[in-house]
Amino acid sequence: DAGVTQSPTHLIKTRGQQVTLRCSPKSGHDTVSWYQQALGQGPQFIFQYYEEEERQRGNFPDRFSGHQFPNYSSELNVNALLLGDSALYLCASGRDGPYEQYFGPGTRLTVT
Amino acid sequence: GEDVEQSLFLSVREGDSSVINCTYTDSSSTYLYWYKQEPGAGLQLLTYIFSNMDMKQDQRLTVLLNKKDKHLSLRIADTQTGDSAIYFCAENGSSNTGKLIFGQGTTLQVKP
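Residues numbered from 1 in each chain as written. Chains lettered and ligands numbered in written order. Predicted model: local features only at pLDDT ≥ 70, side-chain atom pairs only at ≥ 80, totals over all residues. Heavy atoms only, no water.

## Section: the overall build of chain A
Here comes step 1: Each helix and strand counted, chain A has 0 helices and 11 strands in total.
Here comes step 2: Listed N to C, the secondary structure of chain A is β-β-β-β-β-β-β-β-β-β-β in terms of helices and strands.
Here comes step 3: When its C-alpha atoms are laid out on the principal axes, chain A stretches across 40 × 25 × 25 Å.
Here comes step 4: Burial analysis of chain A (112 residues in total) assigns 50% to the buried set.
Here comes step 5: Here the contacts in chain A between residues at least 6 apart in sequence split such that 52% fall between residues at least 24 apart. (Helix = DSSP H or I, 4+ residues; strand = E, 2+ residues; numbered from the N terminus. Buried < 20%, exposed > 50% of the residue type's maximum accessible area, 1.4 Å probe, protein only. Contact = heavy atoms within 4.5 Å.)

Structure representation (structure tokens):
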């Protein structure tokens, strides 16, 4: 079992650009959640996808959007990038419900 | 409200026990988690406890839950240098979907 995988590992973008991050969940999992972790902070919940729909959302602007595909993999899109969007973006997968969530290695996004 | 607090830093000697503490505010949390993050890596799920339990032991790890005081602790027995990392406490709050609320993390330094 490959566990949760994310791509790319690192990314450098310019302010105002758009970015797409990708996540493949652990085998047998059907939910995918995205988190933003700023340097020195704990992860902050962005949103969760289940059955190809956004089910729950944290306090993030509409510039953050996502998608879940029929094979349960997911994308996170961020438009009009700001310097403050520089962070480690983590994907977590799990089974539907309040069960353990397994995290991927993350994508380090740097906005210059 | 949803808030999780942890002390920022703990230093111990190799072979000693480490105790990392956490307080949370949402009494409706059904699951509480401990994650480990090594430099430049994602989050590794160490253990979790269901809210109707007081204690859970898993090899060198012991989790204690005081639901009345909303206090969670993680004890690591016989701490090794490989245990040096940031440890995050998390709760699922009133959500039954797997959304997690994290503390800011405790940096554990293990001195040889």
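Past the structure itself, the notes keep going.
## Overview of the packing of aromatic side chains
Here comes step 1: Under the defined criterion, the tally for this structure stands at 14 aromatic pairs over all chains.
Here comes step 2: Aromatic pair Tyr31(B) and Phe50(B): ring centres 5.0 Å apart, planes at 55°, arrangement tilted. Taken together, the positions of Tyr31(B) in strand β4 (residues 31–37) and Phe50(B) in strand β5 (residues 43–50) put the pair 19 residues apart, joining distant regions of the chain.
Here comes step 3: Chaining the aromatic ring pairs together yields one cluster made of Tyr35(A), Phe45(A), Phe103(A), Tyr31(B), Tyr33(B), Tyr35(B), Tyr48(B), Phe50(B), Phe88(B) and Phe102(B).
Here comes step 4: Here the guanidinium or amino end of Lys26(A) rests over the ring plane of Tyr102(A), the centre of that ring lying 5.4 Å away. (Phe/Tyr/Trp six-rings, centres within 6.5 Å; stacked < 30°, edge-to-face > 60°. Lys NZ or Arg CZ within 6 Å of the ring centre and 35° of its normal.)

## Looking at the pattern of salt bridges
Here comes step 1: Under the criterion given, the structure shown has 6 salt bridges over all chains.
Here comes step 2: The shortest N-O distance in the salt bridge between Arg22(A) and Glu75(A) comes to 3.4 Å. Of this pair, Arg22(A) sits in strand β3 (residues 19–24) while Glu75(A) sits in strand β8 (residues 74–78); the two residues are 53 residues apart in sequence, bridging distant segments of the chain.
Here comes step 3: A salt bridge links Lys36(B) to Glu38(B), with the shortest nitrogen-to-oxygen separation between them at 3.9 Å.
Here comes step 4: By relative accessible area, Lys36(B) is classed as buried at 10%. (Salt bridge = Lys/Arg side-chain N within 4 Å of Asp/Glu carboxyl O.)

## Points about the interface of chain B and chain A
Here comes step 1: The interface is formed by 21 residues belonging to chain B together with 21 residues belonging to chain A.
Here comes step 2: Overall, the association of chain B and chain A removes approximately 1700 Å² of surface from exposure, summing both partners, and the carbon and sulfur fraction of that is 55%.
Here comes step 3: Together, Leu43(B), Thr97(B) and Lys99(B) form the three largest contributors to the area buried by chain B at its contact with chain A, with a combined 29%.
Here comes step 4: Applying the counting rule to chain B against chain A returns 0 salt bridges.
Here comes step 5: Among the elements of the structure, β4 and β5 of chain B are those that each provide at least two residues to the side of chain B that touches chain A.
Here comes step 6: In terms of residues, the side of chain B that touches chain A owes the most to one element, β4(B), which gives 4 residues.
Here comes step 7: Split by residue class, the side of chain B that touches chain A holds 10 nonpolar, 10 polar and 1 charged. (Buried area = accessible area lost by both parts, 1.4 Å probe. Nonpolar A, V, L, I, M, F, W, Y, C, P; charged D, E, K, R; others polar.)

## Here's the deal with the nonpolar core
Here comes step 1: If you look at the biggest cluster of nonpolar residues, it comprises 21 residues, and the most contacted ones within it are Trp34(B), Leu72(B), Leu74(B) and Tyr87(B).
Here comes step 2: Among all residues touching Leu74(B), those that are not within four sequence positions of it are Ser18(B), Val19(B), Ile20(B), Trp34(B), Leu46(B), Thr47(B), Leu61(B), Thr62(B), Val63(B) and Tyr87(B).
Here comes step 3: Judged by nonpolar contacts, the second largest core, of 20 residues, contains Val19(A), Trp34(A), Phe64(A) and Leu81(A). (Core = buried A, V, L, I, M, F, W, Y, C linked by side-chain atoms within 4.5 Å.)

## Here we look at the environment of Glu100(A)
Here comes step 1: With respect to the helices and strands, Glu100(A) occurs in the loop between β9 (87–94) and β10 (102–103).
Here comes step 2: When its relative accessible area of 16% is taken as the criterion, Glu100(A) is described as buried.
Here comes step 3: When neighbours within four sequence positions are excluded, Glu100(A) is seen to be in contact with Ser93(A), Gly94(A), Tyr33(B), Leu45(B) and Tyr48(B).
Here comes step 4: A distance of 3.3 Å separates a polar atom in the side chain of Glu100(A) from a polar atom in the side chain of Tyr48(B). (Polar contact = N/O pair within 3.5 Å; in protein donor to acceptor, adjacent residues only side chain to side chain.)

## Side note on the state of the cysteines
Here comes step 1: Enumeration according to the criterion identifies 2 disulfides over all chains in this entry.
Here comes step 2: In this model Cys23(A) forms its disulfide with Cys91(A); the gap between the sulfur atoms is 1.7 Å. Judged by the sign of its S-S torsion, about -55°, the cystine formed by Cys23(A) and Cys91(A) is left-handed. Of this pair, Cys23(A) sits in strand β3 while Cys91(A) is found in strand β9, placing the two residues 68 residues apart along the sequence. Just as Cys23(A) is buried, Cys91(A) falls in that class too.
Here comes step 3: What pairs with Cys22(B) in a disulfide is Cys89(B), and their sulfur atoms sit 2.0 Å apart. Where Cys22(B) bonds to Cys89(B) through sulfur, the torsion about that S-S bond is close to -60°, and the disulfide is left-handed. Highlighted residues: Cys22(B) in strand β3 (residues 18–24) and Cys89(B) in strand β9 (residues 85–91), separated in sequence by 67 residues.
Here comes step 4: Looking at Cys22(B), the relative accessible area reads 1%, which means it is buried.
Here comes step 5: Residue classification places Cys89(B) among the buried positions, given a relative accessible area of 1%. (Disulfide = S-S within 2.5 Å.)

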